[in-house]
Structures are given as C-alpha cells and as structure tokens.
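# Structure assessment
The residues making up each chain are set out below.
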Amino acid sequence: SCALFQEDSDPTKGWSANKLYTTAKESLDEGNYEQAVKYYEKLEARYPYGTYAQQAQIETAYAHYKANEPAPAIAACDRFIKLHPAHPNLDYAYYLKGLVNFNEDESLLSRWTGQDISERDPRAAREAFQSFRDLVTRFPNSQYAADAQIKMTHLVNSMAANEMHVARYYMTRKAYLAAVNRAQSVVKEFSNTRYMEEALAVMVSGYTALNLPQLADDSRRVLAKTYPDSLYLKQDWQPAEMPWYQFWR
C-alpha cells in the first residue's frame, strides 16, 4: 500500500476528482477503510474545492468510524462541521459524531466486568448526548432526529446508572460525602430516570452517617413525597428487599 501512494509510482496521478472519489467509495463499500481514507485524502489534497472534496471529508469520518478509530472519526466530523456550517449534510455530521461517542460508551459498558466502576469515564456518553442534542435542536426534521432521540434517552439512563454505581461504590467504603455528591448529581441531572428513588435513599443514608440530621430529614421528605410507597421508607424493611443491599452490607 505504501508503494501505491509513493509520489514517483502513484497510479492515481492524473486521476480526476470523479475517479478518485469513485475509487475511494468502492474501497469504502468493500470494507477497505484504510485504503478508502488514503484515496479521500488524495482527493482533498488535489481538488480541495467542490462537492467531491466536501463529500470526501464526511466519508473519511465514516471510514474511521467503521474502522473503529473513534479519535480521527470525531476529528473529521468536527472539521466538517467547522468548514461547512451550511452544508445540507451537516445534520449527518452531528449524528455521526454522536454515533462514534455512543458506540464508544457502549464499548466501555461491555468492559464493566472486573472494572472498578469509580474509574469509568462517562465522557463519551456526555459528548454523544451533546452531539445528538445539537442535532435534534438544530435539525428537528432530520431523518436522523428520531434515532438520536432514542439514543439520548438511552444515554441519560446510562449516565444515571454510572453515577449510582459510583455512589454505591463509595457507600461500601464508607466515603459518605462522595456517595452523597454522586447521588445529588442524579437528583439534579437525571430526575426522570429510574435511579432517582435510589439516589434520594443514598442521600438519606449518607447524611445520616455524616451526622447531618437536617439534610437527612430533608432528603427523606422529598423521598416520601415523590415515592410514598418506597421500600426505602419502611421501618421494618428486610435487607434482601433492597436493590442496593448487596453493595452496602
């Protein structure tokens, strides 16, 4: 492949923009992503203006995405967004950027087994959410908007789950202030998820352990008002009934 693009023996020398693009697209469709990127780069270098160069930029991002190369894929999306703020495919650039980070977050989730959950970086999930939000806000009628909305809901639950996992982790180590801080972030940022109830319970227990009875009572009142039938409010609860007991015992 190196010989293919050496300046003295480059068979693409003299190719038109159309031929470079067509050949790059064929490589992309065949799954030869590295070669596709090289052809796209040649195209953009030789014919930096026009629709072929613009299309090459966004398809370069897609090629990196398909090759499981998130960093260059995101960089290519960002470059396209910056250079072509009025391009008709701008919505796709935002969607693709979100998709790259979304899949990166899914990959992290699959590696939770055996990992210290407090070390997981939710950056990919947050950046994916932001890209999808930009898409649905700026292009509500985009063909990608509906799927972006679905993925945003998934990401909110994913981020809330991460915060609660970390809160439980801190509770097991009696790091009550850190646990309360994580629970508070769930209450503030992810109140529409199923983790809200547990987050309030963590705050009650955490503040109690920190000897802050007023804050514990305030949290308990919110819990009782929002979830009047919550198991966390039972005076005679059985430990096995509590979903977080395995983490706190």
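Residues numbered from 1 in each chain as written. Predicted model: local features only at pLDDT ≥ 70, side-chain atom pairs only at ≥ 80, totals over all residues. Heavy atoms only, no water.

On to the packing of aromatic side chains. Counting across every chain of the model gives ten aromatic pairs. An angle of 50 degrees between the planes, with centres 5.4 Å apart, marks the rings of Tyr-92 and Tyr-144 as tilted. Here the residue Tyr-92 occupies a position in helix α5 (residues 90-110), and Tyr-144 occupies one in the loop between α6 (123-138) and α7 (145-172), the gap between them amounting to 52 residues. With 4.9 Å between their ring centres and 20 degrees between their planes, Tyr-95 and Tyr-144 make a pair best called stacked. You can see Tyr-95 sitting in helix α5 and its partner Tyr-144 sitting in the loop between α6 and α7, a full 49 residues away along the chain. Put simply, the rings of Tyr-92, Tyr-95, Phe-102, Phe-132 and Tyr-144 pair up and form one aromatic cluster. (Phe/Tyr/Trp six-rings, centres within 6.5 Å; stacked < 30°, edge-to-face > 60°. Helix = DSSP H or I, 4+ residues; strand = E, 2+ residues; numbered from the N terminus.)

In this model, the protein chain carries an average pLDDT of 87, and 84% of its residues clear a pLDDT of 70 or more. When mean pLDDT is taken per element in the protein chain, helix α1 (residues 17-29) scores highest with 97 and helix α11 (residues 245-248) scores lowest with 44. The model gives residues 237-241 a pLDDT under 50, and that stretch makes six contacts with residues more than four places away or in other chains. (pLDDT = per-residue confidence, 0-100. Contact = heavy atoms within 4.5 Å.)

For Ala-145, the position within the fold is in helix α7. Taking C-alpha positions, Ala-145 is 7.9 Å from Phe-132, a pair spaced 13 residues apart along the chain. Ala-145 has contacts with Leu-135, Val-136, Phe-139 and Pro-140, leaving out every residue within four places of it along the chain.

Further remarks concern the environment of Asn-68. Inspection of the secondary structure puts Asn-68 in the loop between α3 (51-66) and α4 (70-83). We classify Asn-68 as exposed; its relative accessible area is 69%. For the pair Asn-68 and Glu-104, spaced 36 residues apart in the sequence, the C-alpha separation amounts to 9.1 Å. (Buried < 20%, exposed > 50% of the residue type's maximum accessible area, 1.4 Å probe, protein only.)

What follows concerns the pattern of salt bridges. For the structure on display, the rule yields twelve salt bridges. Residues Lys-38 and Glu-34 are paired through a salt bridge, measuring 3.8 Å at the closest nitrogen-oxygen approach. With a gap of four residues between them, Lys-38 and Glu-34 both fall in helix α2 (residues 33-46), about one helical turn apart. Judged by relative accessible area, which is 56%, Glu-34 ranks as exposed. Lys-97 is the partner of Asp-78 in a salt bridge, and the nearest nitrogen-oxygen pair spans 2.7 Å. Of this pair, Asp-78 sits in helix α4 while Lys-97 sits in helix α5, and the two are 19 residues apart along the sequence. (Salt bridge = Lys/Arg side-chain N within 4 Å of Asp/Glu carboxyl O.)

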